[in-house]
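Notes for the structure review
Each chain, letter by letter, is given below.
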Amino acid sequence: MDDDSFRIKDVRALQVLDSRGRPTIKVTVKTGAGWGYGYAPSGASRGEREAVELRDGGRKWMGYGVMRAVTIVETMIKPRLVGVDSRRQGYIDGLLISLDGTPNKSRLGGNTTTATSIAVARSAASTAGLELYEYLGGPGARLLPTPLLNVINGGVHAGNDLDIQEFMIIPVGADSFLEAMRMAAEVYATLKGILKEKYGPQSINVGDEGGFAPPLKKTREALNLLVEAIRKAGYIDGEDFYLGIDAAASQFYDKSSGHYRIEGESLDSTGLLEYYTNLVDEYPLRLIEDPFNEDAFNEYAELTRRIGDRVLIVGDDLYTTNVRYLAKGLEVKATNAVLVKVNQVGTLTETIDFIRKAVHQGLRAVISHRSGETEDTFIADLAVAMSTGLIKTGAPARGERTAKYNRLLEIEAQLQGSSQYAGAEPFRAG
């Protein structure tokens, strides 16, 4: 296929809706012999260091409109990309970064650059006649990630009194991704029955990420329910399933006092560290995300030093998929794992650089969705392409979540028995 087939012929943008009914941007890129698209997701729990979303403001769409972003794609970005070889991902992302000219994508908008960057990668893969994971990862891309399924929602993802934002089941005892999803779906259905019986039909309403939002107040209540559901479904907690939590501690951190307000108590960082340590001693808890506020590098490091041989301590708000903040974390050994969200930094190239630097330094990378998602399955391909071994994309419910799981099932089928399922391996490295 000649180079002209890969040259970008057209770039279009459209305002569409995300899973919360808010506008987001979709970008389509056409080459001489293929095309690709990309959506920008949006988070409810956002780190202060994230790339800025460009929104219209005003009264329409409650201020969340993205028509400014659409106009930027078609008047500023398109003229710079038409004629460029779509395979030059680094060059194109560099153009977007240069055109924006700010440290946080505030001119073009991180949502604008994210959707464009993903669309370019898809268009190149389409033109080459390759699956996206093959194009990005090469022939070695065959590791199916272990899913972290958020089945009980709290914090800003739900309307209950749980301070911890996410409670996850992790099917590590499966032999394949298909089996992992079967196990997870069975536990999810069992949990639904338990909640309905104990708390009534209102308790099985779901939050932003498909997890249930029962009327709970205590972290141990939620963890006990997960253990009960795992056992009632016929599995062994700590063997077939691990548990994980996303504390999203910045959401319950009080800057004025420097304390964390959780479960009616005010804990300093030492008290909160003991709180997590006790949970790890009591439950098969093998992953803790964002245990402290987003500036607490030293507190993260102390927790990692204490329990990092047993638990993945994951930095999300701490790093926001940015190599600059990762460098600081590496210096103090803050975590042994990182969360990866393309729209936090705004381009695919910067995201891949972040993953490679983290993995090179011995950290695990978790490819992640956002609470305001779309039907775009890009992160499923990215997880396989980068062989990260871990993906976080919500409960086995709601179309924008199951789309990612279904894409991974499709990839596993395409690999025709040559794939591997990560299972418990990523946690052993922790």
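Residues numbered from 1 in each chain as written. Predicted model: local features only at pLDDT ≥ 70, side-chain atom pairs only at ≥ 80, totals over all residues. Heavy atoms only, no water.

As for the overall build of the protein
Threshold: Runs of H or I in DSSP of at least four residues are treated as helices and runs of E of at least two as strands, each being numbered from the N terminus. The globule rule is 2.2 Å times the number of residues to the power 0.38, and the radius of gyration it is compared with is taken over C-alpha atoms. Buried residues are those whose accessible area, probed at 1.4 Å on protein chains only, stays under 20% of the maximum for their type, while exposed residues exceed 50% and partly exposed ones sit between those limits. Charge counting follows a simple rule: Lys and Arg are positive, Asp and Glu are negative, and His as well as the terminal groups are ignored. The location of each charge is read from NZ of Lys, CZ of Arg, CG of Asp or CD of Glu.
Summing up its helical and strand segments, the protein has 14 helices and 16 strands in all. Computed over the C-alpha atoms, the radius of gyration of the protein is 21 Å, within 12% of the 22 Å expected from 2.2 N^0.38 for a compact globule of 430 residues. Out of the 430 residues in the protein, the part that is buried amounts to 60%. Separation of charge centres in the protein, based on 50 positive and 57 negative side chains, amounts to 5 Å.

Some details on unusual backbone geometry
Not every positive phi belongs to a glycine, and glutamate 263 is a case in point at roughly 55°. Phi angles above zero are rare outside glycine, and arginine 398 is one such case at about 70°. One can find arginine 398 in the loop between β15 (390–392) and α13 (399–414). What makes arginine 398 partly exposed here is its relative accessible area of 26%.

A word on helix α12 (residues 378–385)
The element α12 is largely enclosed, with a buried count of eight among its eight residues. Within α12, burial applies to Phe378, Ile379, Ala380, Asp381, Leu382, Ala383, Val384 and Ala385. The positive-phi residue at the C-terminal boundary of α12 is serine 387, with phi of around 50°.

A short note on the packing of aromatic side chains
Filter applied, for reference: Here the aromatic set is Phe, Tyr and Trp, taking the six-membered ring for Trp, and pairing holds for ring centres within 6.5 Å; pairs whose planes are under 30 degrees apart are stacked, those over 60 apart are edge-to-face, and all others are tilted. Ring-over charges, as used throughout, are those where CZ of Arg or NZ of Lys falls within 6 Å of the ring centre and within 35 degrees of the ring normal.
All told, the structure shown has 14 aromatic pairs when counted by the stated rule. Their ring planes at 45° and their centres at 4.8 Å tell us that tyrosine 253 and tyrosine 260 sit as a pair that is tilted. Cluster of aromatic residues (ring-pair linked, three or more members): Phe252, Tyr253, Tyr260, Tyr275, Tyr276, Phe292 and Tyr300. Its guanidinium or amino end placed over the ring of tyrosine 64, arginine 22 lies 4.1 Å from that ring's centre, counting from NZ or CZ.

A closer look at the sheet that holds strand β2 (residues 23–31)
Worth spelling out the cut-off: By definition, two strands form a pair when at least two bridges between them are found by DSSP. Helix axes are fitted only over the stretch in contact, all axes being lines through C-alpha atoms; the angle between N-to-C directions runs from 0 to 180 degrees. Residue contacts are counted whenever heavy atoms from the two residues lie within 4.5 Å of one another.
On the basis of which strands lie adjacent, the open sheet formed by three strands has the order β1-β2-β3 and antiparallel pairing. The strands lining the two open edges of the sheet, one partner per strand, are β1 (8–17) and β3 (35–39). Put simply, the sheet's adjacent strands are angled 15° from each other on average, direction ignored. Pairing of β1 with β2, which is carried by nine bridges, proceeds in the antiparallel orientation. By the bridge assignment for β2, isoleucine 8 is matched with threonine 31. Along the sheet face, helix α3 (residues 110–128) touches β1, β2 and β3 and points at about 155° away from the line of β3.

Purely geometric stuff here, so don't read any function into it on its own.
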